[in-house]
Amino acid sequence: MDFLTILQERRSIRKYTGEHVSDADLQEVLEAGLLSQSSRGRRPWELIVVRDREVLEKLSHCRDHGAAMLADADCAILVFADTEVSDVWTEDCSIVMSNMHIMADSLGLGSCWIQGRLRVAEDGRSTEDYCRELLGVPERFALEAILSLGDAAEDPEPHSLEELDHTKIHYDKF
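A few points on the structure. Keep in mind that this is a model prediction, so the values were computed, not measured.

Points about the pairing of strand β3 (residues 110-115)
Counting buried positions along β3 yields 5 of 6 residues, so the element is predominantly enclosed. Note: β3 against strand β4 (residues 141-150), 6 bridges, orientation antiparallel. Looking at β4, one finds that G110 is bridged to G150.

This is the structure in structure tokens:
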């Protein structure tokens, strides 16, 4: 399958069957994240894998909306960054998230990017503080996002190239 087809077929999945994601598939998703490019090769990210059902349930409340699927996901991968290592950690960690998201789809797994940075938990704290306290993350680490991961219980239609808005492309000037 070519890369453009993979991108067309990749969709965010918010409903999961509860089936177990194999350790081998999880390892490949994580390695896709670790292989990500970063500014000056600094790799400021730290990945936290959560498979504990009780912790996943608690994580499903880390946002005032948009994280409920974590309760039914088989696992979650939180991407934190050491803010002392790089000033462009948001970009670096976004690449990690994107690579893991695409790898999950290429393995036939469902996944969804749950934004953490600049979001609010159900209890009014920041999503970052909520996750930091729940998982024991030191203060100097900042949360970028969470990837939910599981066996997809839905199969959305792929995107078509015809639906792309080519007016977003500009050549030589805006």
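Here we look at the side chain of S148
By secondary structure assignment, the location of S148 is in strand β4. At a separation of 2.6 Å, a polar atom in the side chain of S148 contacts the side chain of Y16. For S148, the contacting residues outside a window of four places in its chain are I13, Y16, M69, L70, A73, C75, G110, S111, C112 and I114.

With respect to the pattern of salt bridges
Across all of its chains, the model carries 10 salt bridges by this definition. Put simply, D82 and R140 hold a salt bridge, and the shortest N to O gap is 3.0 Å. Residue D82 is located in strand β2 (residues 75-82), and its partner R140 is located in the loop between α5 (127-135) and β4; the two are separated by 58 residues in the primary sequence. Taking relative accessible area as the criterion, D82 reaches 8% and is therefore assigned buried. Here E133 and R125 are joined by a salt bridge, their closest N and O atoms 2.9 Å apart. Looking at R125, the relative accessible area reads 28%, which means it is partly exposed. The network of salt bridges with common partners includes D23, R51 and D74.

Procedures and definitions
- Residues numbered from 1 in each chain as written.
- Predicted model: local features only at pLDDT ≥ 70, side-chain atom pairs only at ≥ 80, totals over all residues.
- Heavy atoms only, no water.
- Buried < 20%, exposed > 50% of the residue type's maximum accessible area, 1.4 Å probe, protein only.
- Helix = DSSP H or I, 4+ residues; strand = E, 2+ residues; numbered from the N terminus.
- Pairing = 2+ DSSP bridges.
- Polar contact = N/O pair within 3.5 Å; in protein donor to acceptor, adjacent residues only side chain to side chain.
- Contact = heavy atoms within 4.5 Å.
- Salt bridge = Lys/Arg side-chain N within 4 Å of Asp/Glu carboxyl O.

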